[in-house]
Amino acid sequence: MRYKALLAFTAACALFAGTQAQTWYEQGDAGDLPETAQSTGSGALTEIQGTLETNDVDMYAIYITDPASFSASTVGGATWDTQLFLFDADGKGIVAEDDTGGLQSTINNANNCIPGPGVYYLAITRYNKDPLGCNDGGLWSSNDNNCPNGPESTSRVASWTTSTTAAGTYTIFLTGVAGANAGDPADCPPFEGWDETANGGGDAGDLPGTAQIVTLPDQTPCQSPVNRIRGDLEADGVDMYVICITDPASFVASTVGSAGFDTQLWLFNCDGTGVAFNDDSTGTQSTLDNSSGCITHSGTYLLAISRYNRDAVDANGSLIWNNSPFTGVRCPDGPGATNPIAGWTGTTSAGGTYQIQLQGAYFVSAQGCEGGGGCEGDVNNDGRVDDADLLEVLFNFGCFGFCGPSDVNEDGYVDDADLLIVLFNFGCGA
């Protein structure tokens, strides 16, 4: 009898404990996306406690039992500038808040953003680390306990903007919430463009010899357009890419609306000499085009992005472009204007993710600046062998030593042999 009573008592205690309100303590480091979010057990949940490291986002799976009574708040639970974000079971934005009063945050269903009970993902960040969608656009343009209102308001969360310092400990106070297990929302659709990591295999280099070659086996060099380049700038980082431009008048590269930091865009010839530069076109974002006539011919080029004020210099440390003016597209105008790039000057903090939106830009061959667009004799790397290539060889006829791409057979001379290669392949790629 005593044994049965003990079992009944133990079972009752277990049931009682399972229904009691609880605090969830972060176990290890909670992930920053739904697929890496931390589960929070079961039963009523009144608090989540954790720690934010440098550049950190902590995300937790929760179950909202009653949207009308739901709230999540850091008021009184943190000493630093918090932000709270709520996502649905598919990772799509629901509601976000930055400052309730002072620097702390509270989200609830005051604006009827939460459609009903169910599994959600609750994220905490330090200001100003915000969620981005599958195409690197913001899910929210403002965080005032409101539904998503950014350029990618209907997207799932895919990444986060901006670098942040370590914040420290936090407590999120909860009502109307129970613990939940994290699920596995659908991935973003494949990125339509060039991704520095997914396509390029890692960090793009910052000089012509280490630039990332924008090439894919199913894309025809100088004929298949590339509409976007996506990457991530680390501290003091510069990313350089090899692209093809077939019509300078139609070429545009822009970070407007697709970067969360002060960008600079640069265009170089394959030999490293400068072509065009823009710092600010809209706010602190950059746009390169041929409005200043700096791009004089079609061909293969080097496109680079840096954070202000990391600037291109020659072997003597001289600026290839002057620091000002800040607006407008400029041809090289610095003391090192005629020299090839040899490095970068100026220190910068990490910029974070970016997209360069492109028009009139194309994939190149796997050989990049050495590839000639896939046609032997394509001196200017525009994907075809025509009068422009013939003229390049004729203008450099008789050159010896380092003669650049006009030395088609790379024997140290521009002579009849190079001319014959162009003539034999005349019309290729046209």
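Thresholds applied
- Residues numbered from 1 in each chain as written.
- Predicted model: local features only at pLDDT ≥ 70, side-chain atom pairs only at ≥ 80, totals over all residues.
- Heavy atoms only, no water.
- Helix = DSSP H or I, 4+ residues; strand = E, 2+ residues; numbered from the N terminus.
- Rg over C-alpha atoms; globule rule 2.2 N^0.38 Å.
- Buried < 20%, exposed > 50% of the residue type's maximum accessible area, 1.4 Å probe, protein only.
- Contact = heavy atoms within 4.5 Å.
- Lys, Arg positive; Asp, Glu negative; His and termini not counted.
- Charge placed at Lys NZ, Arg CZ, Asp CG, Glu CD.
- Pairing = 2+ DSSP bridges.
- Salt bridge = Lys/Arg side-chain N within 4 Å of Asp/Glu carboxyl O.
- Arc of directions from axis to C-beta.
- Axes fitted to C-alpha atoms, helices over the stretch in contact; angles between N-to-C directions.
- Parallel < 35°, antiparallel > 145°, perpendicular 65-115°, else oblique.
- Nonpolar A, V, L, I, M, F, W, Y, C, P; charged D, E, K, R; others polar.
- pLDDT = per-residue confidence, 0-100.
- Disulfide = S-S within 2.5 Å.
- 1 Å grid on protein atoms, 1.4 Å probe; cavity = no way out; pocket = protein on both sides within 12 Å on 5 of 7 lines; lining within 4 Å.
- Points joined across faces, edges and corners; volume = space filled by probe spheres on them.
- Phe/Tyr/Trp six-rings, centres within 6.5 Å; stacked < 30°, edge-to-face > 60°.

Lay out the overall build of the protein with the relevant residues and their values.
Broken down by element type, the protein carries three helices and 25 strands. Against the globule reference of 22 Å for 430 residues, the protein gives a C-alpha radius of gyration of 28 Å, more extended than a compact globule. Taken over 430 residues, the protein has a buried fraction of 51%. In the protein, 72% of the contacts between residues at least 6 apart in sequence involve partners at least 24 apart. Counting 12 positive and 54 negative side-chain charges, the protein places the averaged centre of each group 16 Å from the other.

Just give me the short version of the sheet that holds strand β19 (residues 263–269), but keep the residues and values in it.
Hydrogen bonding along the main chain pairs the strands of a sheet, whether they run parallel or antiparallel. An order of β15-β17-β22-β19-β20 is seen for the five strands of this open sheet, with the pairing classed as mixed. Each edge of the open sheet is held by one strand with a lone partner, namely β15 (212–213) and β20 (274–278). As judged from the two bridges shared by β15 and strand β17 (residues 238–245), these two strands associate in the parallel manner. Each residue of the ladder has a partner; that of Q212, found in β17, is Y241.

Lay out the pattern of salt bridges with the relevant residues and their values.
Side chains that carry opposite charge are capable of pairing whenever their charged atoms lie near each other. One pass over the structure, following the stated rule, counts three salt bridges. For the salt bridge of R156 with E35, the shortest nitrogen-to-oxygen distance reads 2.9 Å. You can see R156 sitting in the loop between β10 (144–146) and β11 (159–160) and its partner E35 sitting in the loop between β1 (22–25) and β2 (45–52), a full 121 residues away along the chain. Put simply, D333 and R330 hold a salt bridge, and the shortest N to O gap is 2.7 Å.

Describe helix α3 (residues 416–424), naming the residues involved and giving the relevant values.
Listed as buried for α3 are D418, L419, I421 and V422. The arc that holds the buried residues of α3, viewed along the axis, is 155°, so those residues lie on one side. Exposed side chains of α3 directed beyond 90 degrees from the buried face belong to D416 and F424. In this fold, the buried residues of α3 make contact with α2 (387–395).

Any details on the packing of α2 against α3? Residues and values, ideally.
Where α2 contacts α3, the two axes come as close as 10 Å, and the packing angle between them is 175°. Judged by the inter-axis angle, α2 sits roughly antiparallel to α3. In this structure, α2 uses D389, L390, V393 and L394 to contact α3, whose residues at the interface are D418, L419, V422 and L423. Its residues placed into classes, the contact of α2 with α3 shows six nonpolar, no polar and two charged.

I'd like a rundown of the confidence of the model for the protein, residues and numbers included.
Mean pLDDT over the protein: 90, with 93% of residues reaching 70 or higher. Confidence drops under pLDDT 50 across residues 1–19; counting only partners more than four residues distant or on other chains, this segment forms two contacts.

Residues and numbers for the state of the cysteines, please.
According to the stated counting rule, one finds six disulfides in the structure shown. Here C222 is linked by a disulfide to C244, with a sulfur-sulfur distance of 2.2 Å. Because the sign of the S-S torsion sets the handedness, a value of about 110° for the bond joining C222 and C244 places this disulfide among the right-handed ones. Of the two residues, C222 sits in the loop between β15 and β16 (228–233) while C244 sits in strand β17, which places them 22 residues apart along the sequence. As far as burial versus exposure is concerned, C222 and C244 are alike and both buried.

Any details on empty space enclosed by the protein? Residues and values, ideally.
The final tally for this structure, using the stated rule, is one cavity of 30 Å³ or more. Empty space within the largest cavity amounts to approximately 50 Å³. Residues belonging to the lining of the largest cavity are distributed by class as follows: five nonpolar, four polar and two charged.

Help me get a handle on the layout of surface pockets, residues and values and all.
Here the second largest pocket defines a volume of roughly 650 Å³. If you go around the second largest pocket, you meet 34 residues; those closest to its centre are D136, A158, S159, R230 and T353. Contributing elements (two or more residues each) for the lining of the second largest pocket: β11, β16 and β25 (352–359). For the lining of the second largest pocket, the leading source of residues is β16, giving four residues. For the lining of the second largest pocket, a count of residues per class yields twelve nonpolar, 13 polar and nine charged.

Let's hear about the packing of aromatic side chains: which residues, and what values?
Counting across every chain of the model gives twelve aromatic pairs. Relative to W160, the ring of F85 has its centre 5.6 Å away and its plane inclined at 70°; by these criteria the two rings are edge-to-face. You can see F85 sitting in strand β5 (residues 82–87) and its partner W160 sitting in strand β11, a full 75 residues away along the chain. W160 matches F85 in its accessibility class, with the two residues each being buried. With 6.1 Å between their ring centres and 85° between their planes, F87 and W160 make a pair best called edge-to-face. Within this pair, whereas F87 is found in strand β5, its partner W160 is found in strand β11, the two being separated by 73 residues in sequence. This pair shows no difference in class: F87 is buried, exactly as W160 is.

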